[in-house]
Amino acid sequence: MLQLRRVTKHFAGIPAVDDVTFSARPGEVTGYLGPNGSGKSTTMKMITGLIEMTSGRILFDGKLIDDDIIAYKRRMGYVPEEPYLYNHLSGAEYLTMVADLRGIPMRQASKRIDGLLRLLSLYEDRHAAISGYSKGMRQKVLIAAALMHNPDLVLLDEPFSGLDVGSALVLRSLITELAARGKVVLFSSHELDTVERISDRVVILHRGKLVADDSISRLRSLMQLPTLEAIFSQLAVEQDTASMARTIADLIDA
Amino acid sequence: MRKLIAALLARVRAYLPPQFKVLHQLFLLRVVDLEALSIEADIPRFLGQFGGVLIMLSLIHSVAVYWYIVAYPYRLEHYLISTTMLVAGLITVVSWDSIFPDRRDIMVLAPLPIRPGMILGTKLAASASLLGIALLALNTAPGLLGPFLLGQLHPSIFGVFQVLAAYWFAMIGAILFLYCSVLTIQGLAALILPCRAFLLLSGALQLIAFGGFISVYFLEPNLGTLPELLAPQNHQILAVSPQFWFLALLNQINGSLPPELAWLAHRAWMALGIVISGAMASMTLSYLRTMKATLEAPDLLPGTSGIHGLPRIGSSLRVAIAAFAFRSLSRSRQHRVVYAFFMAIVAAIAVTCLRRELYAHAPEPLPTSFLIASFLMMTLAVVGLRAVFSLPISLNANWMLRTTQLTPTRKYIDATRVTLLVFSVLPMMVMAVLLSLNYRPWLHVFQHLGILAIFGYLLIELAMINFDKVPFTCSYLPGKSNIQTVFWGAVFAWTMLTLLAGAFELDAIGSAKTYSTVIGLMLAALIALGTFNRFRARDAVLYFEDLPPELVIRLGLMYIPPDPSSSPKVLEQQKSEAE
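Nothing here was measured: the structure is a model prediction, and the numbers come from that model.

**Side note on the overall build of chain B**
The secondary structure content of chain B amounts to 21 helices and two strands. Counting the 579 residues in chain B, one finds 36% classified as buried. A sequence separation of at least 24 residues applies to 85% of the contacts in chain B between residues at least 6 apart.

See below:
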């Protein structure tokens, strides 16, 4: 189980994540939601160890992740929000490098890389430079790199970004399948419909603070709202969206 | 003076079209391939320091000019022309593709109402500005002092002015010849070849040009007196060497060229005419085509399997780091160019040694020059690779290496050490073996190779001090380091060290006792340094650089009123209130 306890992150004194506490359990898909700038990606980076917390604790299976960060990283797979890759490598070379860095035996790595590339429809372009890949193809490389070592904790930050409809449907099923196999899956997305379909529970962040942490059905009944979109709008959207759209149209029309 | 120059520049800028001003400023900052530098680098300061090195060279040249220009005018003028051409050549290579708009330029500029001619003009102007700055920085001192001293010997009353004009015309002509030659070749290649083939060939041409400029500078024969220039056996060399053409041009304009060398000056005029018209024609014809081809080029090009069979050099971590370093070096143009600078000098030294070996009629005893040459080659190979390791390839992709760090830092440092060894010391050892095949006795050759190998390993241990990084993941910060001190300090230290080592080693090779002592001392130093590095590595933390926020370049398009709260008066008032 992944547990965040009173996690806070300040950038130049300004709180990006403020006293956030929640848990993601094995066998469950936890959706992590929030508007732009609410602190989702910052939380993800703290969970991966990419940035340090200002205060608080993160535990995985009851142990502080900082106690043995290497052992923790062995069990973690991460898809970042932005598809930043080494563009001068090909897709196959990038995955081979990740496999080598993770110490996956050569034969096993080669088998998994080939399989993932085929299943993700990248096999034909595996030797082309990543610099030429579309956003969706880059996203697939990231997904393959994150799952290649069969991690126990899967962190997905906007994993559907740039994916075509078919690939997005595959990924949606893959996320539920991974959870069904006992993995801890935490994923953030702006696609509320998808989150509603596949998440067992959701955590909603607004301005760095936790505003909801429960199962979707319970949130629905508590707030007496029919959809996750309505719940999210009430908890995390401050503006009157229709009025704002009218204002923008008026501004450019003037 | 500064105000006067600023006022003059402002007056000139006022007459330029607004599009030209904006694009010129934009392209000037991108003439040098700044992707090779850190995003945190202080670019203006770096360029200032680079100019400082040139001005320092200029001052050293002026001392030589003061002492020797009257006695050896041809030798010094040839040297100054060669050095100016080398600097211009290096700038041309570093700004190789800057003349053609890249995809980003086209995507941004094509939808705007800007004519392609304006883009070409501003790109040319930006390159010319950089070359002009280098020309002035390198030649102002000798270019004023030399003509002043030589002009006094001139029979005409306007001698100083004539010699001055000749000097600067020849220098500008030499730079123009070199730059237009490169443009002509690039333009023709862009015109004839398909886009992909052009990009491939362009990268290769860039490296060839780089090696060519440096090799010519180091290998060109030193013909500095009139009898040498007039000797029939040297005519063939003079005929193919542009430096001598422009030497003749300089002396033709200042009126001191003997009629027997007029054919050389004629070559300079011819060459200038050909390359200027060639550059104009090929650029005009190819520019539109290149822009269109760049825009229409497919995003995804099918790749080949490439080199998969990289040798397994130990653990998977070592393989990963070595393969990453090899691929980064072989595929990134910026890194190749920086590395090529060092390798071109190595190649020039190797060619000099090889020439001696080829012309030898019988095996020779090991000469001091070869010992020094091999030390220099080893030093350049290790220092060059270590320098290029410090240039990042993609800072924002470093997150992957950070999230996959599953082994202690010391293993990463070890992998980097092995990579340095494999790609610098090993090739240099192979080269040294090949270059020493004509030397005897074999025992001395083996003794030298032994010392060279330990020397190479020592250099690697020195290069690894405080280098807790994976190659190509962190920035070298030009502008933040003191390039003046580093450059001159390194040149002086390594020259002295290699000269001393070479001279001393020859004595050591002749005596078993001295040789054993030298080997023992070197091994002791190696063990001490290696132990220190490994001890440090136990507690080291692998350092990765994050991408800082992008800098915003102001093009002066908008008037931004100063913040009244940050004015000196207000700040002073606030300070006094606080006190």
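The structure having been displayed, the exposition proceeds.
**Considerations on the overall build of chain A**
Each helix and strand counted, chain A has 10 helices and 10 strands in total. The globule rule puts the C-alpha radius of gyration for 254 residues at 18 Å, and the 19 Å found for chain A is close to it. Overall, chain A is about 55 × 50 × 40 Å in size when its C-alpha atoms are taken along their principal axes. Taking the contacts inside chain A whose residues are at least 6 apart along the sequence as the reference set, 70% of them involve residues at least 24 apart.

**Points about helix 13 (residues 316–331) of chain B**
Look at helix 13 of chain B: 22 Å from first C-alpha to last across 16 residues, which is about the 22 Å you get at 1.5 Å a residue. The buried count for helix 13 of chain B comes to 13 of 16 residues, which makes it a mostly enclosed element.

**Let's talk about the interface of chain A and chain B**
If you look at the interface, chain A gives 27 residues, while chain B gives 29 residues. Contributing elements (two or more residues each) for the side of chain A that touches chain B: helix 2 (69–74) and helix 3 (91–101) of chain A. The element best represented in the side of chain A that touches chain B is helix 3 of chain A, accounting for five residues. Residues that form the side of chain A that touches chain B fall into these classes: 14 nonpolar, seven polar and six charged.

**Things to note about the sheet that holds strand 6 (residues 76–79) of chain A**
Residues and elements named next belong to chain A. Spatially, the six strands line up as an open sheet ordered 6-7-8-3-9-10, and their pairing is mixed. In this open sheet, the two strands that pair with only one neighbour each are strand 6 and strand 10 (209–215). When the angles between neighbouring strand axes are averaged without regard to direction, this sheet yields 15°. Summarising the sheet, strand 6 and strand 7 (residues 153–157) pair through four bridges and their orientation is parallel. Note that in strand 7 the partner of Val 79 across the bridge is Leu 156. Packed onto the sheet, helix 1 (residues 40–48) meets strand 3 (29–33), strand 6, strand 7, strand 8 (184–188) and strand 9 (201–206) and runs at close to 150° relative to strand 7. Contacts between helix 9 (residues 228–236) and the sheet are confined to strand 3, strand 9 and strand 10, with strand 9 contributing the most and set at about 25° to the helix.

**Remarks on the packing of helix 6 (residues 116–151) of chain B against helix 7 (residues 159–192) of chain B**
All names here are of chain B. In contact at an axis separation of 9 Å, helix 6 and helix 7 are set at 150° when each is read in the N-to-C sense. Put simply, helix 6 runs roughly antiparallel to helix 7. When you trace helix 6 past helix 7, the crossing you get is right-handed. Between helix 6 and helix 7, the residues in contact are Leu 131, Leu 135, Asn 139, Gly 143, Gly 146, Pro 147, Phe 148, Leu 150 and Gly 151 and Gly 159, Val 160, Val 163, Leu 164, Tyr 167, Trp 168, Met 171, Ile 172, Ile 175 and Tyr 179, respectively. Across the contact of helix 6 with helix 7, the residue classes tally to 14 nonpolar, five polar and no charged.

**A closer look at the pairing of strand 9 of chain A**
All names here are of chain A. Among the six residues that make up strand 9, five are buried, leaving the element largely enclosed by the rest of the structure. Of the strand pairs in this sheet, strand 9 and strand 10 are connected by six bridges, and their pairing is antiparallel. If you follow His 206 over to strand 10, its bridge partner there is Lys 209. Hairpin connection, strand 9 to strand 10: the antiparallel pair is bridged by two residues, and Arg 207 has positive phi, about 50°.

**Here we look at the sheet that holds strand 2 (residues 14–24) of chain A**
All names here are of chain A. A sheet is described by the order of its strands in space; here four strands give the open sequence 2-1-4-5, paired in antiparallel fashion. A strand with exactly one partner marks an edge of an open sheet, and here the two such strands are strand 2 and strand 5 (63–64). In terms of strand pairing, strand 4 (residues 55–60) meets strand 5 through two bridges, oriented antiparallel. When the sheet's bridge partners are listed, Leu 59 is paired in strand 5 with Leu 64.

**Points about the confidence of the model for chain B**
Residue and element names in this part refer to chain B. On average, chain B scores 82 in pLDDT, and the residues at 70 or more come to 84%. This stretch, residues 34–41, has a pLDDT under 50; its non-local contacts, to residues over four places away or in other chains, come to 23 contacts. The ipTM, which scores confidence in the relative placement of chains, is 0.84 for this predicted complex, and the corresponding pTM is 0.77.

**Notes on unusual backbone geometry**
Here Arg440(B) and Pro441(B) are connected by a cis peptide whose omega angle stands at -5°. Relative to the elements of secondary structure, Pro441(B) occurs in the loop between strand 2 (439–440) and helix 18 (442–463). A positive phi angle, close to 50°, is found at Glu158(A), a residue other than glycine. Within the fold, Glu158(A) resides in the loop between strand 7 and helix 6 (165–180). Backbone geometry at Arg207(A) places phi at a positive 50°, although glycine is not the residue there.

**Some details on the pairing of strand 1 (residues 2–11) of chain A**
Residues and elements named next belong to chain A. Of the strand pairs in this sheet, strand 1 and strand 2 are connected by seven bridges, and their pairing is antiparallel. Its bridge partner lying in strand 2, Val 7 is registered against Val 20. Between strand 1 and strand 2, which pair antiparallel one after the other, the connecting turn spans two residues, and Ala 12 there sits at a positive phi close to 50°.

**Some thoughts on the environment of Ile519(B)**
Turning to its location among the elements, Ile519(B) is positioned in helix 20 (residues 512–539). Here Ile519(B) falls in the partly exposed class, since 15 other C-beta atoms lie within 10 Å of it.

**Looking at the nonpolar core**
Judged by nonpolar contacts, the single largest core of 197 residues is most densely connected at Tyr94(A), Leu95(A), Val141(A), Val346(B) and Met377(B). Ranked by residues supplied to this core, first place goes to helix 15 (residues 368–389) of chain B with 14 residues. Taken domain by domain, this core gets at least three of its residues from each of domain 1 (41–296) and domain 2 (316–539) of chain B. In contact with Met377(B), other than residues within four places in its own chain, are Val346(B), Ile349(B), Ala350(B), Met428(B) and Met431(B).

**Some thoughts on the environment of Ala293(B)**
All names here are of chain B. Mapping Ala 293 onto the fold places it in helix 12 (residues 262–296). The class of Ala 293 is partly exposed, set by 17 C-beta atoms lying within 10 Å. A sequence separation of 79 residues divides Ala 293 from Ile 372, and the C-alpha atoms of the two residues are 49 Å apart.

Conventions we followed
Residues numbered from 1 in each chain as written. Chains lettered and ligands numbered in written order. Predicted model: local features only at pLDDT ≥ 70, side-chain atom pairs only at ≥ 80, totals over all residues. Helix = DSSP H or I, 4+ residues; strand = E, 2+ residues; numbered from the N terminus. Buried ≥ 20, exposed ≤ 12 C-beta atoms within 10 Å, placed from the backbone. Contact = placed C-beta atoms within 7 Å. Rg over C-alpha atoms; globule rule 2.2 N^0.38 Å. Expected span 1.5 Å × (residues − 1). Nonpolar A, V, L, I, M, F, W, Y, C, P; charged D, E, K, R; others polar. Pairing = 2+ DSSP bridges. Axes fitted to C-alpha atoms, helices over the stretch in contact; angles between N-to-C directions. Parallel < 35°, antiparallel > 145°, perpendicular 65-115°, else oblique. Left-handed = near helix turned anticlockwise from the far one by under 90°. pLDDT = per-residue confidence, 0-100. Core = buried A, V, L, I, M, F, W, Y, C linked by C-beta atoms within 7 Å. Domains from an automatic or database assignment.

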